[in-house]
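Fold and contact review
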Amino acid sequence: MKAIAQDRYGSADVLAFQDIPVPTPKDGEVLLRVRAAGVDPGVWHLMTGQPYLLRLLGFGLRRPKVAVRGRDVAGVVEAVGSGVTGFQPGDAVFGTAEGSFAEYVCARADRLAAKPANLTFEQAAAMPISAGTALQGLRDAGRIRAGQHVLITGAGGGVGSFAVQLAKEFCAQVTAVCGPERVELVRSLGADRVIDRSQQDFVDGTRYDLILDNSGLCSLAHLRRALTPAGTLVIVGGEGAGRWFGGTDRVLRATLWSLLLKQNLRGLFATERAADFALLGELAEEGKLTPALDRTFPLSETAVAIRHLHEGKARGKVVISV
């Protein structure tokens, strides 16, 4: 089968479009015929091995332990391993799988859900990691409640575009911050107010009960000034925060500050859950959640897709069509 693989860390130039064997599902796994795979910032981090903390956490010190990149996936079940009862060959599913930039991939059954019937495979592949992160950031870490005033930074990106829609589903008043090229997209997602960060600072006297920070561009002190005295800040994004620790140092500082403040500052480390994917699928089928797709690329142009995302050119999600 064709796959996008790497044998060393580096830029997108290390990725190779090559033939590798079709994997065999183990206990609790299914073999998927991949139809589409989402691209998120995590792909770039695992490709480059940065921040270096990732290598210490078990992803490979000198080279990647897993050669094939990609995690978001949507496809059709080809075969099931022993112990799998919830899926059978022919089922259309979406979720996460290590190495989804390939024609076939093995996925844990407990990280898959039925693909929404009204979504294309490309739309479904855009959802798992980004929409799952947005859901956990708002519902679990942020404990969002109806009527709250919620600020979402980086609202035109993958996580942010889902967060705007989910916050409205939770009946919040949503202010979204994004760059000028994404204003119309974010407005179309249902935000009550859209702030063009190139023209206006969101610290304008308005105080928010909950801030979901996806951009990682603002200091903690700046974000705190926009919070109510007992508000909650959930840190999701932290790009460009250093080669060694990335955004984790920012999360640590936020946690320490929370010990001294009434404001609740916390970082989010999202977990891949089939139950969350199933809920997101239901919302999509009901027309309450629509993936915002920027562009799709063929599998052979995965390196181009990753560069496109990393350069900040994407409006919404970037997806690989297989």
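Below you will find a few notes about this structure. Small disclaimer: the values here were computed from a predicted structure and weren't measured.

Scanning the protein chain from N- to C-terminus turns up 10 helices and 15 strands. Taking 2.2 N^0.38 as the reference for a compact globule, 322 residues should give roughly 20 Å; the C-alpha atoms of the protein chain span a radius of gyration of 19 Å, in line with that estimate. With the principal axes as the frame, the protein chain shows a C-alpha extent of 60 × 45 × 35 Å. Here the protein chain, with 322 residues, has 53% of them falling under the buried criterion. For the protein chain, restricting intrachain contacts to residue pairs at least 6 apart in sequence, the fraction spanning at least 24 positions comes to 65%. Summed over its atoms, the accessible surface of the protein chain is roughly 14,100 Å², and 52% of this surface lies on carbon and sulfur atoms. Separation between the mean location of the 37 positive side-chain charges and that of the 33 negative ones in the protein chain comes to 6 Å.

Spanning 12 residues, helix α9 (residues 274-285) covers 16 Å between terminal C-alpha atoms, matching the ideal 16 Å at 1.5 Å per step. When α9 is considered as a whole, its buried residues turn out to be Ala-274, Asp-276, Phe-277, Leu-280, Gly-281, Leu-283 and Ala-284. In the core, the buried residues of α9 are packed alongside β5 (92-96), β7 (112-114), α4 (128-141) and α5 (158-169). Just downstream of α9 lies Gly-287, where phi reads positive at about 80°.

Time to look at α4. Among the 14 residues that make up α4, 12 are buried, leaving the element largely enclosed by the rest of the structure. For α4, the set of buried residues is Pro-128, Ile-129, Ser-130, Ala-131, Gly-132, Thr-133, Ala-134, Leu-135, Gln-136, Gly-137, Leu-138 and Ala-141.

It is worth spelling out the sheet that holds strand β9 (residues 173-178) at this point. Backbone-to-backbone hydrogen bonds join strands into a sheet, with any given pair of strands oriented parallel or antiparallel. Taken together, the 6 strands give an open sheet; going across it, the order is β10-β9-β8-β11-β12-β13, and neighbouring strands pair in parallel fashion. Edge positions in the open sheet fall to β10 (193-196) and β13 (264-267), since each of these has one partner strand only. Taken pair by pair, the neighbouring strands of this sheet meet at an average axis angle of 15°, ignoring direction. Pairing of strand β12 (residues 227-235) with β13, which is carried by 4 bridges, proceeds in the parallel orientation. By the bridge assignment, Ile-235 is partnered in β13 with Gly-267. Together, β11 (208-213), β12 and β13 form the strand contacts of helix α8 (residues 248-258), whose direction differs from that of β13 by roughly 155°.

Quick look at the packing of α4 against α9 now. How two helices sit against one another is set out by the angle between their axes and by the gap between those axes. At a closest axis distance of 10 Å, the pairing of α4 and α9 adopts a crossing angle of 95°. In terms of orientation, α4 and α9 fall into the roughly perpendicular class. Only Asp-276, Phe-277, Leu-279 and Leu-280 of α9 make contact with α4, whose side of the interface consists of Pro-128, Ala-131, Gly-132, Leu-135, Gln-136 and Arg-139. Here the contact of α4 with α9 is composed, by residue class, of 6 nonpolar, 2 polar and 2 charged.

Where charged atoms from two side chains of opposite charge come close, those side chains can pair. Within this structure, the stated rule accounts for 20 salt bridges. Put simply, Arg-111 and Glu-272 hold a salt bridge, and the shortest N to O gap is 3.4 Å. One end of the pair, Arg-111, is in the loop between β6 (104-108) and β7; the other, Glu-272, is in the loop between β13 and α9, with 161 residues separating them in the sequence. Several salt bridges share partner residues, and in doing so they unite Arg-69, Arg-71, Glu-98, Arg-111 and Glu-272 into one network.

Time to look at the layout of surface pockets. Here the second largest pocket is characterised by a volume of approximately 440 Å³. The wall of the second largest pocket is formed by 27 residues, among which Val-66, Ala-97, Glu-98, Gly-99 and Cys-106 lie closest to the centre. Contributions of two or more residues to the lining of the second largest pocket are made by α2 (53-59) and β6. Among the residues forming the lining of the second largest pocket, the class breakdown is 15 nonpolar, 3 polar and 9 charged.

In the structure shown here, the tally under the stated rule is 1 aromatic pair. Relative to Phe-277, the ring of Phe-94 lies with its centre 6.2 Å away and its plane at 45°, an arrangement referred to as tilted. Of this pair, Phe-94 sits in strand β5 while Phe-277 is found in helix α9, placing the two residues 183 residues apart along the sequence. On the accessibility criterion, Phe-277 (2% relative accessible area) is buried. The cationic tip of Arg-33 hangs over the ring face of Tyr-104; the distance from NZ or CZ to the ring centre is 5.4 Å. Taking the ring centre of Phe-121 as reference, the NZ or CZ of Lys-115 above it sits at 5.0 Å.

What counts and how
- Residues numbered from 1 in each chain as written.
- Predicted model: local features only at pLDDT ≥ 70, side-chain atom pairs only at ≥ 80, totals over all residues.
- Heavy atoms only, no water.
- Helix = DSSP H or I, 4+ residues; strand = E, 2+ residues; numbered from the N terminus.
- Rg over C-alpha atoms; globule rule 2.2 N^0.38 Å.
- Buried < 20%, exposed > 50% of the residue type's maximum accessible area, 1.4 Å probe, protein only.
- Contact = heavy atoms within 4.5 Å.
- Areas by Shrake-Rupley, 256 points an atom, 1.4 Å probe, with all protein chains shown as cover.
- Lys, Arg positive; Asp, Glu negative; His and termini not counted.
- Charge placed at Lys NZ, Arg CZ, Asp CG, Glu CD.
- Expected span 1.5 Å × (residues − 1).
- Pairing = 2+ DSSP bridges.
- Axes fitted to C-alpha atoms, helices over the stretch in contact; angles between N-to-C directions.
- Parallel < 35°, antiparallel > 145°, perpendicular 65-115°, else oblique.
- Nonpolar A, V, L, I, M, F, W, Y, C, P; charged D, E, K, R; others polar.
- Salt bridge = Lys/Arg side-chain N within 4 Å of Asp/Glu carboxyl O.
- 1 Å grid on protein atoms, 1.4 Å probe; cavity = no way out; pocket = protein on both sides within 12 Å on 5 of 7 lines; lining within 4 Å.
- Points joined across faces, edges and corners; volume = space filled by probe spheres on them.
- Phe/Tyr/Trp six-rings, centres within 6.5 Å; stacked < 30°, edge-to-face > 60°.
- Lys NZ or Arg CZ within 6 Å of the ring centre and 35° of its normal.

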